[in-house]
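The chain contents come next:
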Amino acid sequence: MTIKQLLSRINWKGQPKYLHPAYTSTVKRAPQQPLIPLPHTLSELTGPVYGTGNIGPLDHDLTRNAVRNGQPIGERIIVTGRVLDDSGRAVPNALLEVWQANACGRYIHKIDQHDAPLDPNFTGAGRVLTNANGEYCFITIKPGAYPWRNHLNAWRPQHIHFSVFGANIMSRLVTQMYFPGDPLLALDPIYNSIDDEAARQRLISSYAHDVTQPEWALGYRFDIVLCGSKMTVFE
Amino acid sequence: MLTQTPSQTVGPFFYDALIAPGKPFIPTLVRDGVQGQRILIVGTVLDGDGAPVPDAMIEIWQADANGYHNHPADPNYAKADPNFSGLGRCDTVNNGRFEFQTVKPGRVEGQAPHVNVRVFSRGMLIHANTRMYFGDEAAANADDAVLSLVPIDRRDTLIAPLLPSNGLPTYRFNLVLQGEGETVFFTP
């Protein structure tokens, strides 16, 4: 009998498919051939390792990390949560990179042509590491909704993009966090690309009054669950 | 088991947060003093019409020249090359093209040398995973357990030819998202 380390696999029931015609850009970019299950060798069990030395003191505070001549405009919010693997264990030292539109729904990116103002004191980019309990926290401005040209009168719900590096490269995740009660969610083909209701709900943060700070900022909680939890198998 | 958080597209507006100067990931995985053979990996991301995809992001992850990873799951963690990062990230703003400066990886657990490759882009609700193998490693490729899972008529999509070059050895690995010559993608 040998002992083997494996990782839990991605559960496709709760993931979007590559082809989702309601999101028109998927039509020419969706792989069509069946995916091949990748054996989990050391190439998959490993991944980049980060420490606090990789993070600057203001990287987690989007209300201060791009200030030029004042505070950014908009509703200040605190976003916090835990990064867990799908066995429920905390993932420490996970690297989260976040990016978003400003309060008016405008991205800093030069190809964003939405007719809404840039904010000279806000770039909408940050990063943060989880602590030993898998917890992270960052401070930002609530992003605005913005129009896109997917279909007539298409508007993205308010969202924050997340890029996550967990304990190994197999758990790599890029996703978006939404806000509770947003009426645009029901109309959004990107959010609705996920069939499974429980999985889709994972993308909606919850209002957290215990995170809200008096006279300062509202709090939202957003936990992230990654695949790639370690499983020991006896063969 | 907990419900996993689903993927959503990286969208079109990631550049300033994930790619711009000063961000932690760059297309150069090597520093001065790196061990092994320095190489370039170049390629183009193509859509189902054969058109270049100028708003993708490519990430690679690989072992160092000795086949070691700078990660505690690797029994040879302590011996991993301190001048090699293992992870690279590149945009495709230049007409769908990407280029990484890295080293040729050593063999990992007897596998043929390979690089793990991920493609993210607008229009991809979840990124695609693949592996790049080296065109000048025919004998090792023929014995590789992962390549052997791939239908034989599609294996070429994973094998990067060595291009004629006066400088660093340069391997070309195009990523065809869809249609004729579609790159083989794996599920994690």
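Values in this document were obtained by computation on a predicted structure and should not be read as measured data.

## Concerning the overall build of chain A
Here is step 1: Within chain A, the secondary structure is distributed over two helices and 14 strands.
Here is step 2: A compact globule built from 235 residues would reach a C-alpha radius of gyration of about 18 Å, and chain A, at 19 Å, matches this within 12%.
Here is step 3: The dimensions of chain A, computed from C-alpha atoms along their principal axes, are 65 × 40 × 30 Å.

## Regarding the overall build of chain B
Here is step 1: What chain B contains, in helices and strands, is two helices and eleven strands.
Here is step 2: Listed by position from the N terminus, the elements making up chain B come as α-β-β-β-β-β-β-α-β-β-β-β-β.
Here is step 3: Against the globule reference of 16 Å for 188 residues, chain B gives a C-alpha radius of gyration of 16 Å, in line with a compact fold.
Here is step 4: Principal axes of the C-alpha set define a box for chain B whose edges measure 50 × 40 × 40 Å.
Here is step 5: Counting every position in chain B, which comprises 188 residues, the buried fraction comes to 51%.
Here is step 6: Long-range pairs, those at least 24 residues apart, make up 73% of the contacts in chain B with a sequence separation of at least 6.

## Overview of the interface of chain B and chain A
Here is step 1: Between chain B and chain A, the residue contacts involve 60 residues of the former and 67 residues of the latter.
Here is step 2: Counting residues per element, the ones that place at least two in the side of chain B that touches chain A are helix 1 (15–18), strand 5 (114–121), strand 6 (128–134) and strand 11 (186–187) of chain B.
Here is step 3: At five residues, the largest contribution of residues to the side of chain B that touches chain A is made by strand 5 of chain B.
Here is step 4: Pairing analysis gives two bridges linking strand 2 (residues 36–37) of chain A to strand 11 of chain B, with the strands arranged parallel. Opposite Pro37 of chain A, over in strand 11 of chain B, you have Thr187 of chain B as the bridge partner.

## Some remarks on unusual backbone geometry
Here is step 1: Not every positive phi belongs to a glycine, and Glu215 of chain A is a case in point at roughly 60°.
Here is step 2: Relative to the elements of secondary structure, Glu215 of chain A occurs in the loop between strand 11 (206–207) and strand 12 (218–221).
Here is step 3: Even without being glycine, Glu109 of chain B reaches a positive phi, approximately 50°.
Here is step 4: With 11 C-beta atoms packed within 10 Å, Glu109 of chain B lands in the exposed category.

## Some points on the environment of Pro92 of chain A
All names here are of chain A.
Here is step 1: Among the structural elements, Pro92 can be located in the loop between strand 3 (76–85) and strand 4 (95–100).
Here is step 2: Taking the C-beta count within 10 Å as the criterion, Pro92 has 15 such neighbours and is therefore assigned partly exposed.
Here is step 3: For the pair Pro92 and Tyr50, spaced 42 residues apart in the sequence, the C-alpha separation amounts to 9.8 Å.
Here is step 4: Ignoring any residue separated from it by four or fewer positions in sequence, one finds Pro92 in contact with Thr130, Asn131, Ala132 and Gly134.

## Some details on the environment of Phe162 of chain A
Residue and element names in this part refer to chain A.
Here is step 1: Turning to its location among the elements, Phe162 is positioned in strand 9 (residues 159–165).
Here is step 2: Given 24 C-beta atoms within a 10 Å radius, Phe162 is considered buried.
Here is step 3: Placed 35 residues apart in sequence, Phe162 and Arg127 show a C-alpha to C-alpha distance of 9.3 Å.
Here is step 4: Setting aside chain neighbours within four positions, we find Phe162 in contact with Leu96, Val98, Thr175, Gln176, Met177 and Ile224.

## Overview of the sheet that holds strand 5 (residues 125–129) of chain A
Residue and element names in this part refer to chain A.
Here is step 1: One open sheet accounts for four strands, arranged 5-4-9-10; its pairing is antiparallel. With one partner strand each, in any of the chains shown, strand 5 and strand 10 (173–178) form the two edges of the open sheet. This sheet shows a mean twist of 25° between the axes of neighbouring strands, independent of strand direction.
Here is step 2: Here strand 4 pairs with strand 5 via five bridges, running antiparallel. From the neighbouring strand, Trp99 faces strand 5, where its bridge partner is Ala125.

## Let's talk about the environment of Gln4 of chain B
Here is step 1: Locating Gln4 of chain B in the fold gives a position in the segment before helix 1.
Here is step 2: A tally of 27 C-beta atoms within 10 Å means that Gln4 of chain B is categorised as buried.
Here is step 3: In this structure, the C-alpha to C-alpha distance between Gln4 of chain B and Arg118 of chain B, residues 114 residues apart in sequence, is 19 Å.
Here is step 4: Residues within four places of Gln4 of chain B in sequence aside, it is in contact with Ile10, Asn11, Gly14, Asp86, Val225, Leu226 and Cys227 of chain A.

## Regarding the confidence of the model for chain B
Here is step 1: Here chain B averages 97 in pLDDT, and 100% of its residues register 70 or above.
Here is step 2: The complex prediction reports pTM at 0.97, with the ipTM value standing at 0.97.

## So, the pairing of strand 3 of chain A
Residue and element names in this part refer to chain A.
Here is step 1: Sheet analysis places strand 3 next to strand 6 (residues 135–141), joined by seven bridges and oriented antiparallel. Its bridge partner being in strand 6, Arg76 is matched across the sheet by Ile141.
Here is step 2: Sheet topology note: the strand 3/strand 12 ladder contains four bridges and is parallel. Looking at strand 12, one finds that Ile78 is bridged to Gly219.

What counts, and at which threshold
Residues numbered from 1 in each chain as written. Chains lettered and ligands numbered in written order. Predicted model: local features only at pLDDT ≥ 70, side-chain atom pairs only at ≥ 80, totals over all residues. Helix = DSSP H or I, 4+ residues; strand = E, 2+ residues; numbered from the N terminus. Rg over C-alpha atoms; globule rule 2.2 N^0.38 Å. Buried ≥ 20, exposed ≤ 12 C-beta atoms within 10 Å, placed from the backbone. Contact = placed C-beta atoms within 7 Å. Pairing = 2+ DSSP bridges. Axes fitted to C-alpha atoms, helices over the stretch in contact; angles between N-to-C directions. pLDDT = per-residue confidence, 0-100.

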